[in-house]
Amino acid sequence: MTKFLPALLGLLALSLAACAPKLEELEAATFQSYRPDLSDVSEPATIRGSYEEITGMLGTSSRAVGIFALDGKTALKGGYETPIYLAPGVHSLTIGYTNGIYGDTIPVMLDAKPGARYVVKRSEDKEWLDGLRYDRIRTWLYIEEEKTGEIVVPKIPDILQSIEGRYQPPSGPNVGTIRGTVNEHGVSVYPIAVDGQIVKEDREQDLLLAARWEPTKSVALAPGVRALAIYARSGVTGRYLPILLDVKPNASYVAKVDYRLKKSGATRIFTFTIWIEDGATGEIIMPRTDLPGGLYPTL
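The shown structure was predicted, so the numbers you read here are calculated from the model rather than taken from an experiment. (Residues numbered from 1 in each chain as written. Predicted model: local features only at pLDDT ≥ 70, side-chain atom pairs only at ≥ 80, totals over all residues. Heavy atoms only, no water.)

Looking at this structure, how should I read the overall build of the protein?
Looking only at helices and strands, one finds 2 helices and 19 strands in the protein. Accessible surface, the protein: about 16300 Å² in total, of which carbon and sulfur atoms supply 54%. (Helix = DSSP H or I, 4+ residues; strand = E, 2+ residues; numbered from the N terminus. Areas by Shrake-Rupley, 256 points an atom, 1.4 Å probe, with all protein chains shown as cover.)

Help me understand unusual backbone geometry, please; the structure alone is not making it clear to me.
With glycine set apart, most residues show a phi of negative sign, and most peptide bonds adopt trans. Despite not being glycine, Asp71 has its phi angle at roughly 50°, a positive value. Even without being a glycine, Asp195 presents a positive backbone phi close to 50°. Tracing the backbone shows Asp195 in the loop between strand E12 (188-194) and strand E13 (197-198).

Is there a simple way to think about the nonpolar core in this case?
One broad trend across soluble globular proteins is that nonpolar side chains are buried collectively. In terms of nonpolar packing, the biggest core is built from 57 residues, with Ile47, Ile95, Ile178, Ile192 and Ile274 touching the most fellow members. The contact partners of Ile95, leaving out residues within four places of it in the chain, are Gly66, Ile67, Phe68, Asp104, Thr105, Ile106, Val108, Val120, Leu141 and Ile143. (Core = buried A, V, L, I, M, F, W, Y, C linked by side-chain atoms within 4.5 Å. Buried < 20%, exposed > 50% of the residue type's maximum accessible area, 1.4 Å probe, protein only. Contact = heavy atoms within 4.5 Å.)

Explain the side chain of Ser234 here, please?
Relative to the assigned elements, Ser234 resides in strand E15 (residues 224-234). Ser234 gets classed as buried once you look at its relative accessible area, which sits at 19%. Apart from the residues lying within four places of it in its own chain, the contact partners of Ser234 are Val187, Tyr259 and Phe272.

Would you mind going over empty space enclosed by the protein with me for this structure?
Leftover empty space is mapped by rolling, across the atoms, a probe with the size of a water molecule. This model, assessed by the stated rule, comprises 1 cavity of 30 Å³ or more. Mapped by element, the contributors of at least two residues to the lining of the largest cavity are strand E5 (89-99), strand E6 (102-112) and E15. Split by residue class, the lining of the largest cavity holds 8 nonpolar, 2 polar and 1 charged. (1 Å grid on protein atoms, 1.4 Å probe; cavity = no way out; pocket = protein on both sides within 12 Å on 5 of 7 lines; lining within 4 Å. Points joined across faces, edges and corners; volume = space filled by probe spheres on them. Nonpolar A, V, L, I, M, F, W, Y, C, P; charged D, E, K, R; others polar.)

Looking at this structure, I do not really get a nonpolar patch on the surface. What am I missing?
Together, Val90, Val225 and Leu244 give the surface a local cluster of nonpolar side chains, amounting to about 210 Å² of exposed area. Relative to the elements of secondary structure, Leu244 occurs in strand E16 (residues 237-247). (Patch = residues over 30% accessible without salt bridge, like charges linked within 9 Å, V, L, I, M, F, W, Y side chains within 5 Å. Salt bridge = Lys/Arg side-chain N within 4 Å of Asp/Glu carboxyl O.)

Looking at this structure, I do not really get the environment of Val108. What am I missing?
Assignment of secondary structure puts Val108 in strand E6. Val108 gets classed as buried once you look at its relative accessible area, which sits at 4%. Remark: the alpha-carbon pair of Val108 and Gly196, spanning 88 residues in sequence, is separated by 4.5 Å. If near-sequence neighbours (up to four positions away) are discounted, Val108 is found in contact with His91, Ser92, Leu93, Ile95, Ile143, Val153, Ile156 and Gly196.

Can you walk me through the sheet that holds strand E1 (residues 45-48) in this structure?
Strands in a sheet are paired, the pairing made by backbone hydrogen bonds, and the direction either parallel or antiparallel. Reading across from one edge, E4-E1-E7-E8-E9 is the order of the 5 strands in this open sheet, with mixed pairing throughout. Single-partner strands in this sheet number two, and they are strand E4 (84-86) and strand E9 (151-157). Along the sheet, successive strands turn relative to each other by an average axial angle of 25°, direction set aside. When E1 meets strand E7 (residues 117-124), the two strands line up parallel, connected through 3 bridges. Looking at E7, one finds that Arg48 is bridged to Val119. (Pairing = 2+ DSSP bridges. Axes fitted to C-alpha atoms, helices over the stretch in contact; angles between N-to-C directions.)

Is there a simple way to think about the confidence of the model for the protein in this case?
Interpretation of this model should avoid reading the predicted coordinates in detail wherever pLDDT is low. Across the protein, the average pLDDT comes to 87, with 87% of residues at or above 70. For residues 1-17, every residue scores under 50 in pLDDT, and the model assigns this stretch 8 contacts once sequence neighbours within four places are set aside. (pLDDT = per-residue confidence, 0-100.)

Whenever I open this one, the sheet that holds strand E10 (residues 176-179) confuses me. Can you help?
Taking strand neighbours across the sheet as the criterion, the 5 strands line up as E14-E10-E17-E18-E19 in an open arrangement whose pairing is mixed. In this open sheet, the two edge strands, each paired with only one partner strand, are strand E14 (219-221) and strand E19 (284-295). Between one strand axis and the next, the sheet turns by 30° as a mean value, whatever way the strands run. Bridge count between strand E17 (residues 252-264) and strand E18 (residues 267-278): 12 bridges; the pairing is antiparallel. By the bridge assignment, Tyr253 is partnered in E18 with Asp278.

Explanation requested: the layout of surface pockets in the structure shown.
Of the volumes computed, that of the second largest pocket is approximately 250 Å³. Breaking the lining of the second largest pocket down by element, the ones donating at least two residues are E12 and E14. In the lining of the second largest pocket, the residues fall into 9 nonpolar, 2 polar and 6 charged.

What am I meant to see in the environment of Arg179 here?
Structurally, the position occupied by Arg179 is in strand E10. For Arg179, a relative accessible area of 30% puts it in the partly exposed group. For Arg179 and Ile192, which are 13 residues apart along the polypeptide, the C-alpha to C-alpha distance reads 9.9 Å. Discounting residues that sit within four places of it in the chain, Arg179 has contacts with Pro191, Pro215, Thr216, Lys217, Ser218, Tyr253, Val254 and Ala255.

Which parts of the structure should I look at to understand the side chain of Ser188?
Along the chain, the position of Ser188 falls in strand E12. Once residues lying within four places of it in the same chain are set aside, the contact partners of Ser188 are Thr181, Val182, Pro215, Tyr231, Ala232, Arg233 and Val257.

Okay, here's the thing in structure tokens:
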């Protein structure tokens, strides 16, 4: 069978190439670049990831930790270790890691202080029962201030269902709300985190069933600028879009989504397009924002 494998892979590559949509016919994805306004900032903060080489039984591989999206922007210049400038104040981020062909991300909130130097770090759970309970060992991500060593975003597992604390929604006469939607193709989008806290799932995970969030269920928000994470999902593919939303008293917001194959340069990529509307007027509050999904499978 081994001697036929190259021929089979060749045939598969040819079939994928033949079926691939023509690049020139695809709409171009627009992944917005992060460009902070530091014109009135005397002491900006910075945040960076890290990169390391690890040597295992099969040789040397790469492992990296970094920022994947920031305040609604998904295109960040430089590599994982390149510092990103931040204006002091609240920011909504997606941080994550890659470990060879594997990786994951989580949404967090960071209240940046003037002149601070932040770094995203990771650790790995050594509890072997994790492998049985969650189908894999958990990786923990956190943010540390480099100069002081203070952990400003505590260790959070990359398996959201294993996080103990949950978002506690406010109550009162002035609270706003946000809910998600499911489009005609079954693609869903919904708020999964508020101010760094994961929204409680509607069905908790057990040995037989995965945790589930109901996309159309409203989540209460206190007025003011909130760091939200919007989760978009199509089948087994899911991505977080971290945003800052200035919530108005008694306002209702609706997150919507489109999902289609687009092009980015010479690459075909499945793309989530997310926007937020005023639930009462239909006015677009957050414009359409492209979020990379998965690459079109070609060999």
